[in-house]
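# Overview (structure and organization)
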Protein chains: 2
Amino acid sequence: MAEYPASRLAERACRVEPFHVMRLLGRARELEASGRSIVHLEVGEPDFPTPEPILAAGRAALDAGLTHYTPAAGLPALRQAIAAHYGQRHGVDVDPARVLVTPGASGALQLVFSVRLEPGDRVILGDPSYPCYRQILGLMGAELVAVPLGPETGYRLTPERLDAAWVPGTRAVVVASPANPTGAVTGLDELRALHAICRARGAALIVDEIYRGLTYDVPDTTALALALAVEDLYVIDSFSKYFGMTGWRVGWVVGPEEAVAVMDRLAQNLFIAANTPAQQAALAAFAPETTAVLEQRRAIFQQRRDRLLPALRALGFGLSGAPDGAFYLYARLPEWLEMDSMDFATRLLEDAGVALTPGQDFGTHECDRHVRLAYTRDFEVLDEGVRRIGEFLADCGSTKKKPQV
Amino acid sequence: MAEYPASRLAERACRVEPFHVMRLLGRARELEASGRSIVHLEVGEPDFPTPEPILAAGRAALDAGLTHYTPAAGLPALRQAIAAHYGQRHGVDVDPARVLVTPGASGALQLVFSVRLEPGDRVILGDPSYPCYRQILGLMGAELVAVPLGPETGYRLTPERLDAAWVPGTRAVVVASPANPTGAVTGLDELRALHAICRARGAALIVDEIYRGLTYDVPDTTALALALAVEDLYVIDSFSKYFGMTGWRVGWVVGPEEAVAVMDRLAQNLFIAANTPAQQAALAAFAPETTAVLEQRRAIFQQRRDRLLPALRALGFGLSGAPDGAFYLYARLPEWLEMDSMDFATRLLEDAGVALTPGQDFGTHECDRHVRLAYTRDFEVLDEGVRRIGEFLADCGSTKKKPQV
Ligand SMILES: Cc1ncc(COP(=O)(O)O)c(C=O)c1O
Ligand SMILES: Cc1ncc(COP(=O)(O)O)c(C=O)c1O
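Note that the coordinates shown come from a computational prediction; the quantities given were computed from them, not determined experimentally.

With that settled, the discussion passes to the site of ligand 2. Around ligand 2, the surrounding shell holds 15 residues, and the nearest of these are Tyr69 of chain A together with Ser106, Asp208, Ser238 and Ser240 of chain B. Ligand 2 is flanked by residues contributed from chains A and B. Within the side chain of Ser240 of chain B, a nitrogen or oxygen atom sits 2.6 Å from an oxygen atom of ligand 2. Within the side chain of Lys241 of chain B, one N or O atom sits 2.7 Å away from an oxygen atom of ligand 2. Among the elements that take part in the shell around ligand 2, helix 5 (residues 104-116) of chain B stands out by supplying three residues, more than any other. Classifying every residue of the shell around ligand 2 gives seven nonpolar, five polar and three charged.

Residues and elements named next belong to chain A. On the surface, Asp93, Asp95, Glu257 and Glu258 cluster together into a patch of negative charge. By the element assignment, Glu258 lies in helix 9 (residues 257-270). Judged by its relative accessible area of 32%, Glu258 falls in the partly exposed class.

Our next topic: the domain arrangement of chain A. All names here are of chain A. Entries for chain A in the domain assignment read domain 1 (11-49 + 290-397) and domain 2 (68-287). Relative placement of domain 1 and domain 2: their C-alpha centres are 25 Å apart. Every contact between the two is made by 36 residues of domain 1 and, on the other side, 39 residues of domain 2. Carbon and sulfur atoms make up 53% of the surface buried where domain 1 meets domain 2, a total of about 3100 Å² over both sides. Considering only the side of domain 1, the residues that lose the most area to domain 2 are Arg298, Asp324 and Phe362, jointly responsible for 20% of the buried surface there. On inspection of domain 1 and its partner domain 2, the count reaches two salt bridges. For Arg305, the salt bridge goes to Asp217, with nearest N and O atoms at 3.0 Å. Where domain 1 meets domain 2, there are 24 residue pairs in polar contact (both at pLDDT 80 or more). Looking at the side of domain 1 that touches domain 2, the elements with two or more residues in it are helix 1 (11-14), helix 11 (288-314), strand 9 (328-332) and strand 12 (370-374). For the side of domain 1 that touches domain 2, the leading source of residues is helix 11, giving eight residues. Taken together, the residues of the side of domain 1 that touches domain 2 break down into 16 nonpolar, ten polar and ten charged.

As a general point, the strands of a sheet are linked pairwise by backbone hydrogen bonds and lie either parallel or antiparallel. All names here are of chain A. Spatially, three strands are ordered 9-12-11 in an open sheet, and the strand pairing comes out antiparallel. Edge positions in the open sheet fall to strand 9 and strand 11 (357-358), since each of these has one partner strand only. Relative to strand 12, strand 9 is paired through five bridges, and the arrangement is antiparallel. The residue bridging Tyr330 from the neighbouring strand is Arg372, located in strand 12. In this fold helix 11 packs onto strand 9 and strand 12, with an angle of close to 5° to the strand it touches most, strand 9.

This part is about the relation of the copies chain A and chain B. Overlay of chain A on chain B (RMSD 0.0 Å): rotation 180°, translation along the axis 0.0 Å. Taken together, these values place the two copies in the relation of a two-fold axis. Within chain A, Arg59 of chain A has its C-alpha nearest the rotation axis, a separation of 3.0 Å. Interface overlap between copies is the fraction of interface residues in one copy that are interface residues in the other; for chain A against chain B it reaches 100%, indicating a shared surface.

What follows is about unusual backbone geometry. Residues and elements named next belong to chain A. The omega torsion of the bond from Asn180 to Pro181 falls at 15°, within 30 degrees of zero and hence cis. Within the secondary structure, Pro181 sits in the loop between strand 5 (170-176) and helix 8 (188-200). Here Tyr155, not a glycine, exhibits a phi torsion of approximately 60°, which is positive. Note on placement: Tyr155 falls in the loop between strand 4 (143-148) and helix 7 (159-165).

A few words on the packing of aromatic side chains. Residues and elements named next belong to chain A. Across all of its chains, the model carries 34 aromatic pairs over all chains by this definition. Aromatic pair Tyr211 and Tyr328: ring centres 5.6 Å apart, planes at 80°, arrangement edge-to-face. Of this pair, Tyr211 sits in the loop between strand 6 (204-208) and strand 7 (233-238) while Tyr328 sits in strand 9, and the two are 117 residues apart along the sequence. Given the relative accessible area of 1%, Tyr328 is considered buried.

Rules behind the numbers
Residues numbered from 1 in each chain as written. Chains lettered and ligands numbered in written order. Predicted model: local features only at pLDDT ≥ 70, side-chain atom pairs only at ≥ 80, totals over all residues. Heavy atoms only, no water. Near = heavy atom within 4 Å. Polar contact = N/O pair within 3.5 Å; in protein donor to acceptor, adjacent residues only side chain to side chain. Helix = DSSP H or I, 4+ residues; strand = E, 2+ residues; numbered from the N terminus. Nonpolar A, V, L, I, M, F, W, Y, C, P; charged D, E, K, R; others polar. Patch = residues over 30% accessible without salt bridge, like charges linked within 9 Å, V, L, I, M, F, W, Y side chains within 5 Å. Areas by Shrake-Rupley, 256 points an atom, 1.4 Å probe, with all protein chains shown as cover. Salt bridge = Lys/Arg side-chain N within 4 Å of Asp/Glu carboxyl O. Lys, Arg positive; Asp, Glu negative; His and termini not counted. Charge placed at Lys NZ, Arg CZ, Asp CG, Glu CD. Buried < 20%, exposed > 50% of the residue type's maximum accessible area, 1.4 Å probe, protein only. Domains from an automatic or database assignment. Contact = heavy atoms within 4.5 Å. Buried area = accessible area lost by both parts, 1.4 Å probe. Pairing = 2+ DSSP bridges. Axes fitted to C-alpha atoms, helices over the stretch in contact; angles between N-to-C directions. Least-squares fit on C-alpha atoms with pLDDT ≥ 70 in both. Phe/Tyr/Trp six-rings, centres within 6.5 Å; stacked < 30°, edge-to-face > 60°.

Take a look at the structure:
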């Protein structure tokens, strides 16, 4: 095939960076194909299958021939079920008209950013944070203001930090709670203060609650419980993580009614709608039998966190405290290690057969000293991963100068 | 709820127009809820259920727990199956690496437009055409050059028309074949000439083949059969229409390899991936048992076209010739009728209980004199629709001055 002049491709598209973890994953697959065993600690989705009641509802939808387009805003019954779920689980009154079903939280992010931002508008978000925020926003011509987050604020964008970071032209603030990659949970009082700042200055607060339900030791909440004036609050959520439905591609957004009307029109054009059998299946996601399964899984994630965290600390990784949510540990490399996290991830995969995500995927602030480990594998796999990482570090320590610790 | 200041919503998002047919559909549902019978001739999807072999593959995927994320470019097996399908059906060699699976053709449109267009770039497309082109392009800041299409070119964007419409800054040309709403099929020779013009002037030719397979009397082809230098050719397709999988949300694009690499990164960020059980199900879409079902349905669509078209002509609608593909008739209102197509559609629904799509959804060129009727219903429904339209016209004719015809 003739060589393709890259100049013909749009610059804003070409600026979208590949995730480093994708290259590592490709390499991991090569190694596996050649017979090597790889411990996967990079995977950002539950290892559990979709709960049986949801699968059953999906099968029933296929049997009933429910395979045509739905309205762009989603099945009315699903919008109602989501609204009712907020009532049942969080005691919050949500009007189904404010719920828009989307192809994953991914689709919701695109709609919310599109409905609120003009090219050149500024958006404040944490560093590190979920990489797609930056890429989607960049594609839309938004300008990013990244606020460095570290253990001193529990990796949270505090109201003080937000205030200090504010620049003219700021039109939106993105907060994930629980957060990827840090697992940090932002409490309701802090969310209220963040919202007040945004509201006073005419910006939207966008809260990504895709890891809602996956919290440990702290209350499981939603920004919707603030029961604030809703004008500038957008809450994004998904069936992917807590509900174990990553591959089904169904999420949602709760926004102001007028914004939902515009997002509905955007969705008609960009997506037509989310997958129909998946929406039908998701109707079973709030059933008591499903909740029972999911709460068991939540307990298992907590046990895994509590097993992996001390083991990593013992190897010299820096972890300020047990993160309150999601299923990730964002660990600082041992101080003595003379490698950045990309080198570490690459060599760890090659030499020890462990895949994890280098911090560089999540931002720039000290990212070269951090890696993300997902506890989306069972004890056995976590233990084997820790064993291999320990051996790898021991090898590094014996060949490099290792100061007394 | 407090009133929401619309000024806080992004202008480019608010500019996205609602489809008129959505308002009509909402009204149709109200009428149905109040007990009225409505004949639906507005529906842009096959009435048939998804073929059983595809459903069976979907069920098997659920049973096997295949519900996790797939790679953004799609299941490798599905990319291969699509490539092989071009070989089997059209004798065309397609490298699976050039196939990217997307959430419907909708997702493919977004990726292709994003990878080729900078804000301000010009895009040439037919008027009338599929409304989402205009809206997605508008959202991206592209400038549209709409070329009026009529019966004199068989509703096709001919090379002469394209040449005459060309303006500096044109970076893409969009052609659907078969087309929505006209059913027009652009033959390979004409596509070759269109591509030559685009290529010589550094623009991409984007061919939307979502109605491929649904052609009558003319050969079923693909622009990929041109076997041209592929640099500037993007072919968009979908499992929605011919394959009867609208609600499953799986489509694809075949593009130049370098563009596919960039679109893959865009897809990672915008979509993560298409629905997994749906991709698994789509693997059965090319099986001989499925093709047998689909070819029967194609014959049925042709019979319906051949039943509806003369009936509409007999009522005084203008239809230049039987369209070669898709499942739509784009009919000119009877000349004597003193109503634009929006009024016609609205009053026809209210007075006669027939829903169809006013031309205004598809552009501006004589759109107020046209309506789109979908023959996605069986004979009985089509006949009843024609009967009701006939009565409605007779009523109009008796109250308004009707010249001798
Ligand atoms: C913070 C965050 N938001 C949004 C998403 C998108 O998920 P989905 O589109 O599957 O709902 C992810 C996925 O990993 C995530 O981590
Ligand atoms: C011409 C055309 N292109 C693209 C689409 C998008 O279809 P889908 O996203 O279901 O593949 C449609 C749907 O009606 C269409 O008519």
